[in-house]
Each structure stands twice: as structure tokens, then as C-alpha cells.
Amino acid sequence: MTNINLISEYKSFGGKLGFYSHFSSTCNGEMRFAVYQPPQAIQKPVPVLYFLSGLSCTEENFMVKAGAQRFAAEYGLMLVTPDTSPRNTGIAGEDDDWDFGTGAGFYVDATSQPWRSHYQMYSYVVCELPALIKKHFPAEPEKQSIFGHSMGGHGALICALRNPNLYKSVSAFAPIVAPMRCPWGEKTLSRYLGDNKVSWADYDASELVQKERYHSLILIDQGTDDKYLTEQLKPELFAQACAAVKQPLNLRYQEGYDHSYYFIATFIEDHIRYHAIALSMS
């Protein structure tokens with residue numbers, strides 16, 4: 001099992017926030033992640049809540065901007081945020097676009113060259129990172145949940161829908177719910193996975209939910225003033241897919257909110273409480 005390197009550590013709401021790096025065998029290079037350990041973790045292992053960030057973010061954005069540590073400390077949850085892609089891989093063109101390559105791994109396992117040699121973010125999030133957390137931190141590995149924002153909301157939904165036995169609950173802020181039918185998704189899926197759209201459906205929440213319902217209610221918050229709402233996010237498509245298979249969904253349109261971390265910070269307590277309840281019942 002890979003060792004991890006502590007980059008920096010800070011006391012926060014009675015617990016500690018650490019930033020780490022390690023060599024990822026899945027992504028074939030260095031990966032970074034952040035972990036907030038609540039004060040309860042000093043006494044006993046605690047449930048784990050993974051947050052997946054959006055395009056151009058790193059492992060730092062959520063921990064710095066969302067105000068989540070306060071509520072994680074209150075409910076006794078460990079927070080884990082991975083980086084959004086491999087970096088500095090040497091792949092030509094990986095830094096050319098803000099919405100593809102570096103900072104935009106899209107939480108898929110790339111099958112097309114040259115991306116497949118490093119861009120394996122789905123397997124990293126579902127398999128390698130949880131194994132690291134289990135080994136190095138006081139976590140209850142059988143009690144984990146997942147949420148995310150935008151590209152990361154897409155990632156959280158596909159991880160949970162494809163692995164319902166691994167995640168007790170799932171939620172999202174302004175997720176990309178139908179990547180096969182939006183410009184961001186069409187761009188990234190075609191480059192990472194190639195032209196065979198059958199494989200794209202494995203990373204499309206609106207397609208996945210029709211194959212197998214998730215075992216519990218899915219919570220989504222979406223701002224009505226989000227500039228990406230109509231062209232990229234399309235939450236109504238996921239709502240229609242959920243309705244067709246009677247998947248419980250709480251899609252909340254929040255009047256006047258945009259796509260920013262101000263939006264996330266406003267409703268972060270609701271999401272953490274939602275996950276805390278699910279994790280405490282397991």
C-alpha cells in the first residue's frame with residue numbers, strides 16, 4: 001500500500017485539516033487530496049464523506065471555501081476531497097483547455113490514448129483513495145457517503161449509482177446530470193472514451209438511474225441564476241429519468257443562486273446533515 005506525504009496541516013473546529021500527496025498506481029503519478037478529521041476521530045473511527053470538486057478546482061477549494069468543517073465537526077464526519085485530475089503527466093495538450101485535461105478529469109476511466117495512461121479518476125475515487133483513507137486515517141470504511149459540485153456532482157452521482165453498496169447516501173450541488181447531452185460532456189467523453197457512445201452511458205447519471213435505482217433518496221440543489229443551468233446542467237433530464245423509474249429525488253431549485261461556492265456554503269449544512277443521518281442509520 002502506498003505511503004502518503006503530509007504537505008500541510010491546520011487545526012480547525014477542534015479537529016485537523018491536512019493536505020497530502022502520494023504516488024497513485026491508478027493514475028500513474030502523483031495525486032493530492034485533503035482530509036478533515038473531526039474532533040471525534042481522536043477517540044474512535046468516524047464515518048467518511050467524500051466531496052468531488054468541479055472543473056478547474058483542486059483538493060483545496062472545498063476545504064477553503066465551503067465552510068464544511070464546522071458542520072463535519074458537529075456531526076462527527078471525516079471529509080475527504082481528492083484533486084480533480086492527474087497533473088504534470090507530460091501528455092501533450094493537457095493544459096490547453098480549462099474544461100479538459102488538467103483540472104478536468106471528469107471522474108471517468110479514460111480508454112483513449114494518450115489519456116488512458118493517467119486519467120483513471122473513476123477508479124481512483126472508488127477504489128484507490130478509500131483504501132488509502134482506510135489505512136492511514138481513523139475512518140469507518142463501511143460507512144461512507146459522497147457528494148460533489150458541477151463536474152464533481154456528476155462524479156458523485158455516477159459513483160453512487162454504479163456502486164450503491166459502497167455509499168450510504170449521495171447528493172450534489174448543480175451537477176452535470178446528462179453529459180451525453182451537453183457540450184462539456186460531449187467534449188470530454190469523446191476525448192477520454194472515444195466515439196462509442198455506448199461506453200459514455202456508464203458515466204451519465206440520467207442513463208444509469210434508469211438501469212438501477214439508488215437505494216435511497218438523492219438530494220440535489222440547483223441555483224436558478226446559474227449561468228450553466230440551461231446549456232450544461234439540465235437537471236430536468238435527471239428528474240424525468242428518476243420519475244420514470246420511481247427513483248426518490250429531492251431536486252431543490254434555489255431562487256437567485258449561481259454556480260459559485262457562495263451557493264455551496266449557503267446549503268452545505270443541509271447536505272452534511274442529510275449524509276450524517278444516512279450514515280448514523282447504517
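Residues numbered from 1 in each chain as written. Predicted model: local features only at pLDDT ≥ 70, side-chain atom pairs only at ≥ 80, totals over all residues. Heavy atoms only, no water.

Among the nonpolar cores identified, the biggest contains 95 residues, and Phe-33, Phe-62, Ile-133 and Ile-146 are the most heavily contacted of them. When neighbours within four sequence positions are excluded, Ile-146 is seen to be in contact with Leu-49, Tyr-50, Leu-52, Val-125, Ala-156, Cys-159, Ala-160, Tyr-167, Ser-169, Val-170, Ser-171 and His-275. (Core = buried A, V, L, I, M, F, W, Y, C linked by side-chain atoms within 4.5 Å. Buried < 20%, exposed > 50% of the residue type's maximum accessible area, 1.4 Å probe, protein only. Contact = heavy atoms within 4.5 Å.)

Before going further, it helps to spend a moment on the packing of aromatic side chains. Taken as a whole and assessed by the stated rule, the structure comprises 20 aromatic pairs. Between Tyr-122 and Tyr-203, the ring centres sit 5.9 Å apart and the planes meet at 80°, which makes this aromatic pair edge-to-face. A residue pair is termed long-range when its members are at least 10 positions apart, and Tyr-122 in helix α3 (residues 121–136) and Tyr-203 in the loop between α6 (197–200) and α7 (205–208) qualify at 81 residues. For the pair Tyr-122 and Tyr-203, one class covers both residues: buried. Where Tyr-257 meets Phe-263, the ring centres are 6.1 Å apart and the plane angle is 45°; that geometry is what we call tilted. Residue classification places Tyr-257 among the partly exposed residues on the basis of a relative accessible area of 29%. Directly above the aromatic system of Tyr-122 lies the positively charged group of Arg-162, at a separation of 4.1 Å from the ring centroid. Of note, Arg-191 hangs over the ring of Phe-100, and the distance from its end group to the ring centre comes to 4.9 Å. (Phe/Tyr/Trp six-rings, centres within 6.5 Å; stacked < 30°, edge-to-face > 60°. Helix = DSSP H or I, 4+ residues; strand = E, 2+ residues; numbered from the N terminus. Lys NZ or Arg CZ within 6 Å of the ring centre and 35° of its normal.)

With respect to the helices, strands and loops of the structure, Ser-171 is situated in strand β7 (residues 170–173). Contacts of Ser-171, omitting those with residues within four sequence positions, involve Ile-146, Phe-147, Gly-148, Ala-156, Leu-219, His-271, Tyr-274 and His-275.

With that out of the way, let us pick up the side chain of Gln-69. Here Gln-69 shows up in helix α2 (residues 69–75). Residue class for Gln-69 comes out buried when judged on its relative accessible area of 6%. If sequence neighbours within four positions are ignored, Gln-69 has contacts with Ser-12, Phe-13, Leu-17, Tyr-36, Met-63 and Leu-79.

Here we come to unusual backbone geometry. Of note, the amide linkage connecting Gln-113 to Pro-114 takes the cis form, showing an omega dihedral of 0°. Considering the arrangement of structural elements, one finds Pro-114 in the loop between β5 (78–82) and α3. At Ser-150, a position not held by glycine, the phi torsion is positive, near 60°. You can see Ser-150 is positioned in the loop between β6 (139–149) and α4 (151–162). Taking the relative accessible area as the measure of exposure, Ser-150 reaches 3% and is therefore buried.

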